[in-house]
Amino acid sequence: MTNEISDHTGQGGAATGRGRAPVLSVRDLHVRYRTDDGDVPAVNGVSFDLAARETYAIVGESGCGKSTVALSLLALVPVSAGEVSLGGRNLASMRRSELRRVRGREIAMIFQEPMTSLNPVLTLGHQLVETIRLHQPLDRGAARRRAIEMLERVGISDPARRIGQYPHELSGGMRQRVMIAMALSCNPRILVADEPTTALDVTVQAQILALLDDLRAEFGTGIVLITHDIGVVAEMADRIGVMYAGRLVEEAAAADLFSDPRHPYTRGLLASVPRVDLAPRDGPLVALPGSPPTPGRLPQGCAFRTRCAQAMDVCAKPPPELRGADRMVRCWLHV
Amino acid sequence: MSDATSDTPLLRVAGLSQRFAVSRDIFGRPSQWLEAVDRVDLELAAGETLGIVGESGCGKSTLARTILHLHRPSAGKVIFDGVDLGSAGPARLRQMRRRMQIVMQDPYSALNPRRTIGSSIADGVTGGDRRAKVRALLEKVGLSAGDAGRYPNEFSGGQRQRICIARALGPDPDLLIADEAVSALDVSVQAQILNLLAGLRRDFGLSFLFISHNLAVVRAFCDRVAVMYLGRIVETGPTEAVFQDPRHPYTRALISAVPIPQPGRRRERRRLLAGDVPSPLDPPSGCRFRTRCPHADEGCARTAPVLERLGDARQVACLRLGTLERGPVWAAPVSQAEARPC
Ligand SMILES: Nc1ncnc2c1ncn2[C@@H]1O[C@H](COP(=O)(O)OP(=O)(O)OP(=O)(O)O)[C@@H](O)[C@H]1O
Ligand SMILES: Nc1ncnc2c1ncn2[C@@H]1O[C@H](COP(=O)(O)OP(=O)(O)OP(=O)(O)O)[C@@H](O)[C@H]1O
Ligand SMILES: [Mg+2]
Ligand SMILES: [Mg+2]
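What counts and how
- Residues numbered from 1 in each chain as written.
- Chains lettered and ligands numbered in written order.
- Predicted model: local features only at pLDDT ≥ 70, side-chain atom pairs only at ≥ 80, totals over all residues.
- Heavy atoms only, no water.
- Near = heavy atom within 4 Å.
- Polar contact = N/O pair within 3.5 Å; in protein donor to acceptor, adjacent residues only side chain to side chain.
- Areas by Shrake-Rupley, 256 points an atom, 1.4 Å probe, with all protein chains shown as cover.
- Helix = DSSP H or I, 4+ residues; strand = E, 2+ residues; numbered from the N terminus.
- Nonpolar A, V, L, I, M, F, W, Y, C, P; charged D, E, K, R; others polar.
- Pairing = 2+ DSSP bridges.
- Contact = heavy atoms within 4.5 Å.
- Axes fitted to C-alpha atoms, helices over the stretch in contact; angles between N-to-C directions.
- 1 Å grid on protein atoms, 1.4 Å probe; cavity = no way out; pocket = protein on both sides within 12 Å on 5 of 7 lines; lining within 4 Å.
- Points joined across faces, edges and corners; volume = space filled by probe spheres on them.
- Phe/Tyr/Trp six-rings, centres within 6.5 Å; stacked < 30°, edge-to-face > 60°.
- Buried < 20%, exposed > 50% of the residue type's maximum accessible area, 1.4 Å probe, protein only.
- Lys NZ or Arg CZ within 6 Å of the ring centre and 35° of its normal.
- Core = buried A, V, L, I, M, F, W, Y, C linked by side-chain atoms within 4.5 Å.

(A) Examining the site of ligand 2 more closely. All names here are of chain B. In the vicinity of ligand 2, the contacting residues are F20, L34, A36, S56, G57, C58, G59, K60, S61, T62, R65 and P280. A distance of 2.8 Å separates an oxygen atom of ligand 2 from a polar atom in the backbone of G57. Here an oxygen atom of ligand 2 sits 2.5 Å away from a polar atom, N or O, in the side chain of T62. Burial of ligand 2 by the protein chains amounts to 66% of its free accessible area of 630 Å². Contributions of two or more residues to the shell around ligand 2 are made by β2 (30–44) and α1 (60–67). If one sorts the elements of the shell around ligand 2 by residue count, α1 sits on top with four residues. The class makeup of the residues in the shell around ligand 2 is five nonpolar, five polar and two charged.

Following this line, the structure appears as structure tokens:
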């Protein structure tokens, strides 16, 4: 009963509810990691849609499975059940060679720490040109021109000189720009950004967020934005999925989620964020008690009930997913 | 707090500088210096909380370590409860340091994985029944006395941060330096830890030096705030005065760059600061902020501004202060409901 998923044309899918075909659609995704200590059920039934030009944010506390969802969108982790489809084609049905083509050209990813995804011993130009030529039938000169153009587009000054530099010669903010340039160099339809600004200072974060927003508008890229920063979510997202213990517990348009959060977890999360733009209230900050459960040791039923002030007896049973009026919530208070 | 009265501060830092030799010539003599902290003055009264904010590399941690004399200052003084740490002998310094404890950012590397948390905490505890005191400390930080025999890997990040706080409280300090103590934690756990620290402040009159790059947390937690840029304090004052009417262009830019958790506000377009922080090895002449400052003129390249007192207990270091915009960076929300829906 928890996994009633309607097809792309039904009222179930979030983005499709507004009449556009999704460029990305995730249905009842499950991911388990195999470890020496047994299986870790990191993602336990996640469904969402992304429309072109849309920013869909996944937010939640550390360990809730955000990065695992991100990786599964590029088939970089083994999906144990459910499906991820790009433009109507299931990733799981693709051959290796086809997957390689899809990654980069249709869907690209940027990570939190750009240093780990750039090769330290190769120049930026080398890496950009290789990426471009992997996906586009361009000769070296044309690929180089395209690389310079992309670097310019992401706000790197003097790109013709920068292209000869190595990653360590750049600041963190510049490296993240290079990663964005690389990810967008083949004009993918979808960009997956996993904590793209978490390692950066706020002033540089503001630049990168503005850049992502501009590029989305210009190229029509759909963005899946993964972050634990509620402020970044409010700033960027069209739709938001709130994740807890491997599941989405609530999903809504950004304005609706913030003005009328329904799940007690969402309410607690939003209330515990201190505000830079308001004088603090007297008394203690609102704080959710406890911390998220470990995968594999989730409470029966609603995984949040052990921290929930409104938990009831019925919460020991899995809450049904309530979909309607363009939002979803998975909570016994809302059935 | 033997000789601290209301007008002698618990901590006074005067002209404190810290520079590091980053390269040496063939004779081993320093040939290039990095000025990580440059002539910092600050005061902290008993029971008061001072926030230190600024971007990565601006010198916040170096300032903390230099105050504790973990590095000898290159210049300047640190006076703690009337004692000049620079001229105190080793025994006296050790004794003073026990009263100034530090909690660091990373709760994972801060604890020895092979020792029970009880024995880590017991290290700092003196006299009397140490085991009873360890149990009391664990309870004070919201853990249970029975946790003393467990190892760090059995705890979550937030719990480990509580353990680090318990350990820092062992010697009954007067001053707690929190260096990004909540930065690695999720917001829910961050709020728990901040409430815990606020309780300690209330119950024991602890003073805090609260270092953070998270401005919202600083606004929620600190009485006063000092904003650092490339080793220097550019603005300092009572927290609400600074947040409601930031005067230094860097303070304004920093505050306006913080994303607001309220979608309606996102399009109140803020002024983006261009570029990154310049290399501290080759800081700009004059005002160090001038290369990113929208208001800089030629004068700013020639003269280094010093902190000047404004009326409201505030100090700002900016040559162009009189000509700049002021007032809140963010318009006031229309209603409280709009501001805080939950
Ligand atoms: N390669 C792996 N092997 C085993 N367990 C893993 C692996 N990667 C992640 N996990 C576990 O799966 C769960 C989800 O991890 P994931 O990285 O997706 O979380 P996250 O929401 O991205 O967290 P964070 O905010 O800390 O990045 C966690 O409990 C994590 O410990
Ligand atoms: N032991 C050292 N030797 C040489 N340079 C150092 C040393 N410690 C710090 N620095 C440099 O001093 C400057 C200030 O560093 P510090 O760690 O104090 O900054 P911070 O404000 O705490 O930054 P963050 O927010 O990243 O923690 C940086 O440029 C840093 O590289
Ligand atoms: Mg992650
Ligand atoms: Mg630091």
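Here the narrative resumes, following the displayed structure.
(B) A look at the sheet that holds strand β5 (residues 83–84) of chain B. All names here are of chain B. What the four strands build is an open sheet, ordered β2-β1-β4-β5; its pairing is antiparallel. With one partner strand each, in any of the chains shown, β2 and β5 form the two edges of the open sheet. Relative to strand β4 (residues 75–80), strand β1 (residues 11–24) runs antiparallel, the two being bridged by five bridges. What sits directly across from L11, in β4, is F80. Across the sheet, α1 is in contact with β1, β2 and β4; its angle to β1 comes to roughly 115°.

(C) The arrangement of the layout of surface pockets in detail. Residues and elements named next belong to chain B. Estimates place the volume of the second largest pocket at around 660 Å³. As for the second largest pocket, its lining consists of 29 residues, and the residues nearest its centre are R39, D41, I233, L307 and Q315. Across the lining of the second largest pocket, the residue classes tally to 16 nonpolar, four polar and nine charged.

(D) Structural view of unusual backbone geometry. Residues other than glycine seldom take positive phi values, yet A:N187 does so here, at roughly 50°. Residue placement: A:N187 occurs in the loop between α7 (172–184) and β7 (190–194).

(E) The packing of aromatic side chains, seen in detail. This structure, assessed with the given rule, holds nine aromatic pairs over all chains. Geometrically, the ring pair formed by A:F48 and A:Y56 is stacked, given 4.5 Å between the ring centres and 15° between the ring planes. Both residues of the pair, A:F48 and A:Y56, count as buried. In this structure an aromatic cluster arises from ring pairing among A:Y244, A:Y265 and A:F304. The ring of B:F155 has B:R150 sitting right over it, with the charged end atom 4.6 Å from the ring centre. In this structure, B:R201 packs its charged tip against the face of B:F221, placed 4.2 Å from the ring centre.

(F) Spotlight on the nonpolar core. Grouped together as the largest cluster of nonpolar side chains are 63 residues, with contacts concentrated most on A:V276, B:I165, B:L197, B:F210 and B:Y250. In contact with B:Y250, other than residues within four places in its own chain, are B:G54, B:E55, B:V227, B:M228, B:Y229, B:V234, B:L273 and B:F289. One finds A:A108, A:M150, A:A183 and A:F304 within the second-largest nonpolar core, a separate group that totals 62 residues.

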